[in-house]
Amino acid sequence: SSQVYKNKFVITFIEGQQVKTLIYDHEGNLEKKIEYPSLERIRVTAKDKQRILNGYYKGLNYRNMGLLDLEEYKKQNELVFPEYFPRYSKVYIDNDKIYMLTYIEKDGMYVTHVFHMNGKKLGELLLPIDVKPNLSLLKNGHYYYLKFSDEEEEWFLHTLKLKY
């Protein structure tokens, strides 16, 4: 995960078992290296696979791919899952805080770790499970996400005020 924040290039990655964030200034000089506490590895269950597949197939426009139906696509393209989820799904930076979304479930939501840009852990918050990371944004203390309504066949914008 990489992004620019306040004229700094911020990259988060996994090295071995360790999640790290490197912060570079506008000239490419390393300003800060953050090594996070070990994040729990979460096993991918059959329930997880089904939820992911349902979301994937729902968003798949198989007709534009030249396929006649979804069952044909499923036969031709078996999806393979790893034994474990990655240690985090997405990283957002907002108001000098790093929000690290994980696959750790709690109360039907995903745990998100909140750190200050200096690496100090500030707390945790819970965010919805059924949101695709590329359809979400964290800005000014709010989490914005799009969610498709099967009943109305439309996308709706939802907003959560972040509290941790």
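Residues numbered from 1 in each chain as written. Predicted model: local features only at pLDDT ≥ 70, side-chain atom pairs only at ≥ 80, totals over all residues. Heavy atoms only, no water.

(A) Quick peek at the environment of Q3. Structurally, Q3 is set in strand 1 (residues 2-5). Overall, the relative accessible area of 22% leaves Q3 in the partly exposed class. A C-alpha to C-alpha distance of 36 Å links Q3 and E151, two positions 148 residues apart in sequence. Ignoring any residue separated from it by four or fewer positions in sequence, one finds Q3 in contact with K8, F9, V10, V91, Y92 and I93. A distance of 3.0 Å separates a polar atom in the side chain of Q3 from the backbone oxygen of V91. (Helix = DSSP H or I, 4+ residues; strand = E, 2+ residues; numbered from the N terminus. Buried < 20%, exposed > 50% of the residue type's maximum accessible area, 1.4 Å probe, protein only. Contact = heavy atoms within 4.5 Å. Polar contact = N/O pair within 3.5 Å; in protein donor to acceptor, adjacent residues only side chain to side chain.)

(B) Here's a closer look at the sheet that holds strand 4 (residues 30-35). Taken in spatial order, the four strands make up an open sheet running 1-2-3-4, and their pairing is antiparallel. The strands lining the two open edges of the sheet, one partner per strand, are strand 1 and strand 4. Looking at each pair of strands side by side, their axes are set apart by 20° on average, direction ignored. Here strand 2 (residues 8-15) runs beside strand 3 (residues 18-24); their pairing, made up of seven bridges, is antiparallel. Paired with I14 across the two strands is V19, which belongs to strand 3. (Pairing = 2+ DSSP bridges. Axes fitted to C-alpha atoms, helices over the stretch in contact; angles between N-to-C directions.)

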